[in-house]
Each structure stands twice: as C-alpha cells, then as structure tokens.
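Per-entry structural report
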Amino acid sequence: MRLLPVHVALLGVQLALAEPPPREAAGLSSRAFTPGMLLQTRYGDTFAGDGTKIQRTAAREDDGWRLRRARLDAGFDPSARVHGEIAVDFADAGGSGALKDALAQLRPHSRVTVTAGQFKRPFSAMELRSPAKLEVAERGPTDELARRLGFAGRDVGAMLSGAPLPKRRFLAIDAGAFRGGRIGEDASPAGAVAARATTEPCDALRAGASFAWRPGATGAAGDRDRLARGAAGGAD
C-alpha cells in the first residue's frame, strides 16, 4: 500500500492588533497589553495506492477543507519583570474554544526566568516553533508521535529558564516539571520532566537538544489513554 499525504496551507495569516512591544534580553517587555490573532485554513489530500477500502478510508480521514487554526491571544506585561499570556483556539473543541496557553513568567534576574501555568514542554524545535512561522500547515508525523506518546505538547507545570553565558543566544537552558497526565491518586509534582538546551553561534546556525522523562505510567492498566513509563530525546 502506498499512501502519500499532502497538506497545503492555503491561508496562514497572523494579524497583530497592536504594534509588537520591544522585547528585552530575557524575553520580557514593559508594555502592558498586546493582543494578536492567527487564522489558518488548509486543504488536505491523500493519494492512496494499493490497500483495502478500510485502509484507504482511514488514510483519508482528514482530507478536505479544514479550519486549522483560529486563535486569539493576548500578552500582559505589567512590569519589566512580569509577563502573562493567554491563547484560545476556536478551531478546536468544535468551535467552542480551547485553551492553549495560560502562563505567567517572572524574571528575578536578567539571566533567569520562571514560567508557570499551561504551556509547551521544552521538547523539539518543530513543536516549539510558532504556527505563524511555519511554512506548512502540519508539523509532521514525528512531532505527532512525540505528542501522542506524551513527551511533547502542552501541559500544566513550572519551568526554569536560564542563560549561563553573557549572551542568551550562545546557550539557553530550559528545564521543567509537569503534570504528565497524572492526576488524583496518581498525582505527582513531577509526573513528567523535560529539558532543552539551545545554542545559536551565528545567524545561519541554530542547534538544540531535548530530553523528556515520565517516571511512572498514567492511568489504570488497560486504559485506552494510558501512557507507559519511558523517556525520549532528540537533537535538531
């Protein structure tokens, strides 16, 4: 069987409702409020070769027109050391709106930032890249696999970011503890941990390495959404 998925982003628009604020070295600004909007529509088609009817039907499940993203976001900067952000995507949850990001950041030092709330775990450059800056509508099967296995994507937790060198571009380190799907009786302060180091020695080169670890399984045995204990890593 030969299945070749093709996803085309026909419209990817990022509309800033206000001029972006000047960002300081640690990524925080002193402007009070910055709204934004992202709208993206895509058409997908899968060229299916040999295979059963069930296989071809499953392969083309997401074909056709799709409102990929319809996001509203807002950033809050009450001071140079405090930043807040919230983002809702109305393309999810049947159009009723789905909370994407809800976070607060505190910069106690010029080289240190503490983040808490719901946000993306520091894993994979493709996953962390803003959808407004992606040249394609979908991030691809590797990124989707990392999210399904529970190592990438958004989660609730806290993260410490640091820049040990004089310039953040030379070395940036992010490390955090997250819920990891463990709630109720299975709850743990570190249901999952993730860390990433990034360096940008010049404008033409940027490299990074990520690591994620889930110390215990989530859910009961036989649960369809159960995630097993495990670890993952990668470089990009």
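Read on for an overview of the structure. Note on numbering: residues in each chain are counted from 1, in written sequence order. Owing to the predicted nature of the model, reporting of local features is limited to residues with pLDDT of at least 70; listing and counting of side-chain atom pairs is limited to 80 or more, with chain, interface and lining totals taken over all residues. As a convention, hydrogens and water are excluded, and side-chain values are obtained from all of the structure's heavy atoms.

1. Examining the overall build of the protein
Let me state the cut-off plainly: What counts as a helix is a DSSP run of H or I of at least four residues, what counts as a strand is a run of E of at least two, and both are numbered from the N terminus. Only protein chains enter the accessibility calculation, which uses a 1.4 Å probe. A residue is then buried if its area is under 20% of the maximum for its type, exposed if over 50%, and partly exposed in between. The Shrake-Rupley method, run with a 1.4 Å probe, gives the accessible areas here. Residue values count only the displayed protein chains as cover.
Counting secondary structure elements, the protein contains 3 helices and 11 strands. In sequence order, the secondary structure elements of the protein are arranged as β-β-α-β-β-β-β-α-α-β-β-β-β-β. Residues classed as buried in the protein amount to 32% of the 236 residues present. Total accessible area on the protein stands at roughly 13900 Å², and carbon and sulfur atoms take up 58% of it.

2. Some words on the side chain of Arg71
Which entries qualify depends on this criterion: Contact criterion: two residues are considered in contact whenever any of their non-hydrogen atoms come within 4.5 Å of each other.
Along the polypeptide, Arg71 turns up in strand 3 (residues 64-79). Filtering out sequence-adjacent residues up to four positions away, Arg71 remains in contact with Gly36, Met37, Leu38, Ala87, Val88, Asp89, Lys100, Pro131 and Arg154.

3. A closer look at the packing of aromatic side chains
Applicable threshold: Each aromatic pair joins two rings of Phe, Tyr and Trp (for Trp, the six-membered one) with centres within 6.5 Å, and gets the label stacked for planes under 30 degrees apart, edge-to-face for over 60, and tilted for any other angle. The criterion is that NZ of a Lys, or CZ of an Arg, lies within 6 Å of the ring centre and within 35 degrees of the ring normal, and then a charge sits over that ring.
On inspection of all chains with the given rule, the structure shows 3 aromatic pairs. The interplanar angle of 65 degrees and the centroid separation of 5.4 Å between the aromatic rings of Tyr43 and Trp65 together place this pair among those described as edge-to-face. Here Trp65 lies in strand 3 and Tyr43 lies in strand 2 (residues 33-48), a separation of 22 residues in the sequence. With centroids separated by 5.5 Å and ring planes inclined at 65 degrees, the aromatic side chains of Phe119 and Phe178 adopt a geometry described as edge-to-face. Placement of the pair is Phe119 in strand 6 (residues 112-120) and Phe178 in strand 8 (residues 172-178), with a sequence separation of 59 residues. As far as the burial class goes, Phe119 and Phe178 line up, both buried. The aromatic ring of Phe151 is capped on one face by Arg214, whose charged end is 4.8 Å from the ring centroid.

4. Topic: the environment of Ala235
By secondary structure assignment, the location of Ala235 is in strand 11 (residues 230-235). The exposure class of Ala235 is exposed, given its relative accessible area of 70%. Note: C-alpha distance between Ala235 and Phe123 (112 residues apart in sequence) is 9.5 Å. Among all residues touching Ala235, those that are not within four sequence positions of it are Gly208 and Ala209.

5. Description of the nonpolar core
Rules: We call a set of buried residues a nonpolar core when its members are Ala, Val, Leu, Ile, Met, Phe, Trp, Tyr or Cys and they connect through side-chain atoms within 4.5 Å of each other.
Core analysis: the largest hydrophobic core is formed by 11 residues, namely Leu103, Phe119, Phe123, Ala146, Phe151, Ala152, Met159, Phe178, Ala194, Ala212 and Ala232. Apart from the residues within four sequence positions on either side, Phe178 is in contact with Phe119, Arg121, Pro122, Asp155, Val156, Gly157, Pro189, Ala190, Gly191, Ala192 and Ala194.

6. A short note on the pattern of salt bridges
We count it as follows: The term salt bridge refers to a side-chain nitrogen of Lys or Arg lying within 4 Å of a carboxyl oxygen of Asp or Glu.
A full pass over the atoms with the stated rule returns 10 salt bridges. With a closest N to O distance of 2.9 Å, Asp101 and Arg154 form a salt bridge. Here Arg154 lies in strand 7 (residues 154-162) and Asp101 lies in strand 5 (residues 98-109), a separation of 53 residues in the sequence. Judged by its relative accessible area of 10%, Asp101 is buried. By relative accessible area, which is 27% here, Arg154 ends up partly exposed. Across the pair Asp203 and Arg169 runs a salt bridge, and its minimum N-O distance is 3.2 Å.

7. A word on unusual backbone geometry
Even without a glycine there, the phi angle at Ser124 is positive, about 80 degrees. Mapped onto the elements, Ser124 comes out in the loop between strand 6 and helix 2 (125-128). Assessed through its relative accessible area of 18%, Ser124 is described here as buried.

8. Focus: the environment of Thr218
Mapped onto the elements, Thr218 comes out in the loop between strand 10 (205-214) and strand 11. In the structure, Thr218 is positioned 10 residues away from Ala228 in sequence and 6.6 Å away in space, judged by C-alpha atoms. Those residues in contact with Thr218, other than ones at most four positions away along the chain, are Gly180, Gly181, Arg182, Asp225, Arg226 and Leu227.

9. A word on the pairing of strand 3
Selection criterion: Think of it this way: DSSP has to see at least two bridges between two strands before they count as a pair.
Note: strand 3 against strand 4 (residues 82-89), 7 bridges, orientation antiparallel. Within strand 4, the residue paired with Ser79 across the bridge is Val82. Here strand 3 hands over to strand 4 after 2 residues, the two strands then running antiparallel side by side.

Purely geometric numbers; function is a separate question.
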